[in-house]
Amino acid sequence: MSNGLPPPAGPTIRDSIERVDAATVAAARALPAATLHEAGGRIGVLPSSIKPVAPAFRVCGPAVTVQSPGGDNLWLHRALYVAEPGDVLVVHVSGAHDFGYWGEIMSAAAQARQLGGLVIDGCVRDGAVLADFGFPVFARGLSIRGTGKDFGARGWINHPVLFDDLVVQPGDLVVGDTDGVVALPRARAAEVVQAAQAREAKEAGIVQRIRAGERTLEVYNF
């Protein structure tokens, strides 16, 4: 609900999904995206072209998935009011990357909704303003090309979305940092986070051994 108004509805909008649990999300906030990817068995990588608009941006939360018509951002506006606080919008733009799907106004709306971030397989605009806003946005880049709002165009919210060979399901755990973005299946998220914590502790020990004079060749028995 927003200001007493119901969320957007329609045959391709699911407004009720199961999300990764809050404790797992909280634990994942302290872990690098690359470590989560490795700890899960090298899974969950979104296209490497999707990067934070500002270097300090980090995103972590349950996915609200959006399949948007190319060159149109009406379904992103709708998703803003389907998503709940802490959710991360994960958006596919049907291959039409070179449009500014998101900008200052939408970041302001997302902040007002207390969302967790945006991950989009397309471009955004107002880059300097987005950096100052502080709402985490991950995108392919910046584009000033304007988008349309076709009320007859079909999109989907909270259905499976395909990024290259990766399927992101609504409610999956999405984590992004300067290295990129990983999406972990909701059913495995807690297990992967635990394995990532152990991996981080092990790597910290290896760093200490190297600083003490050991070589990587001996550390890893290469």
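The structure under discussion appears in the preceding block.
Residues numbered from 1 in each chain as written. Predicted model: local features only at pLDDT ≥ 70, side-chain atom pairs only at ≥ 80, totals over all residues. Heavy atoms only, no water.

K.L.:
I'd like to hear about the overall build of the protein, residue by residue, with values.
P.N.:
When its secondary structure is counted, the protein shows 7 helices and 12 strands. Against the compact-globule benchmark of 17 Å for 222 residues, the protein has a radius of gyration of 18 Å, which places it among compact chains. Seen through its C-alpha atoms, the protein measures out along the principal axes to roughly 65 × 35 × 30 Å. Relative to its full complement of 222 residues, the protein shows a buried share of 48%. Here the contacts in the protein between residues at least 6 apart in sequence split such that 77% fall between residues at least 24 apart. Summing over all exposed atoms, the protein offers an accessible surface of approximately 10600 Å²; the carbon and sulfur share of this is 53%. Where the 20 positive side-chain charges of the protein centre and where its 23 negative ones centre are 1 Å apart. (Helix = DSSP H or I, 4+ residues; strand = E, 2+ residues; numbered from the N terminus. Rg over C-alpha atoms; globule rule 2.2 N^0.38 Å. Buried < 20%, exposed > 50% of the residue type's maximum accessible area, 1.4 Å probe, protein only. Contact = heavy atoms within 4.5 Å. Areas by Shrake-Rupley, 256 points an atom, 1.4 Å probe, with all protein chains shown as cover. Lys, Arg positive; Asp, Glu negative; His and termini not counted. Charge placed at Lys NZ, Arg CZ, Asp CG, Glu CD.)

K.L.:
Requested: an account of the pattern of salt bridges, with residues and values cited.
P.N.:
Applying the stated criterion to the full structure yields 11 salt bridges. Where Glu84 meets Arg19, a salt bridge forms, and the shortest distance between an N and an O atom there is 3.8 Å. On the criterion of sequence distance, the pair formed by Glu84 in the loop between helix H3 (74-80) and strand S3 (88-92) and Arg19 in the segment before helix H1 (22-28) is long-range, its members being 65 residues apart. Residue class for Arg19 comes out partly exposed when judged on its relative accessible area of 23%. One salt bridge connects Arg209 with Glu214, and the closest N-O pair in it is separated by 2.9 Å. (Salt bridge = Lys/Arg side-chain N within 4 Å of Asp/Glu carboxyl O.)

K.L.:
Give a detailed account of the nonpolar core, specifying residues and quantitative values.
P.N.:
Leu46, Leu89, Trp102, Leu118, Val119 and Ile120 are the most contacted members of the largest nonpolar core, which totals 45 residues. If we ignore the near neighbours within four places in the chain, the residues touching Trp102 are Leu76, Leu80, Leu89, Ser107, Ala110, Leu118, Cys123, Val124, Arg125, Leu130, Phe135 and Val137. Counting residues in each nonpolar core, the second largest holds 16 residues, with Val20, Ala28, Leu36 and Cys60 among its members. (Core = buried A, V, L, I, M, F, W, Y, C linked by side-chain atoms within 4.5 Å.)

K.L.:
For the pairing of strand S4 (residues 117-120), give the residues involved together with the corresponding values.
P.N.:
Both faces of S4 are covered, namely the face carrying Gly117 and Val119 and the face carrying Leu118 and Ile120. In terms of strand pairing, S3 meets S4 through 4 bridges, oriented parallel. From the neighbouring strand, Val91 faces S4, where its bridge partner is Ile120. Tracing the backbone out of S3, into helix H4 (residues 104-112) and back to the parallel element S4 gives a crossover that is right-handed. Bridging between S4 and strand S6 (residues 137-139) involves 2 bridges; their strand directions are parallel. Directly across from Leu118, in S6, lies its bridge partner Val137. (Pairing = 2+ DSSP bridges. Right-handed = clockwise from strand over helix to strand, strands pointing away.)

K.L.:
Pulling in residues and values, what's your account of helix H6 (residues 189-211)?
P.N.:
Given a rise of 1.5 Å per residue, 23 residues ought to cover 33 Å, and the 33 Å separating the end C-alpha atoms of H6 matches this to within 8%. Of all the residues in H6, the buried ones are Ala189, Val192, Val193, Ala196 and Ile206. Next to the buried residues of H6 lie H1, helix H2 (33-39), strand S11 (173-177), strand S12 (180-184) and helix H7 (216-219). Of the residues flanking the end of H6, it is Gly213, one or two places downstream, whose phi is positive at about 120 degrees. (Expected span 1.5 Å × (residues − 1).)

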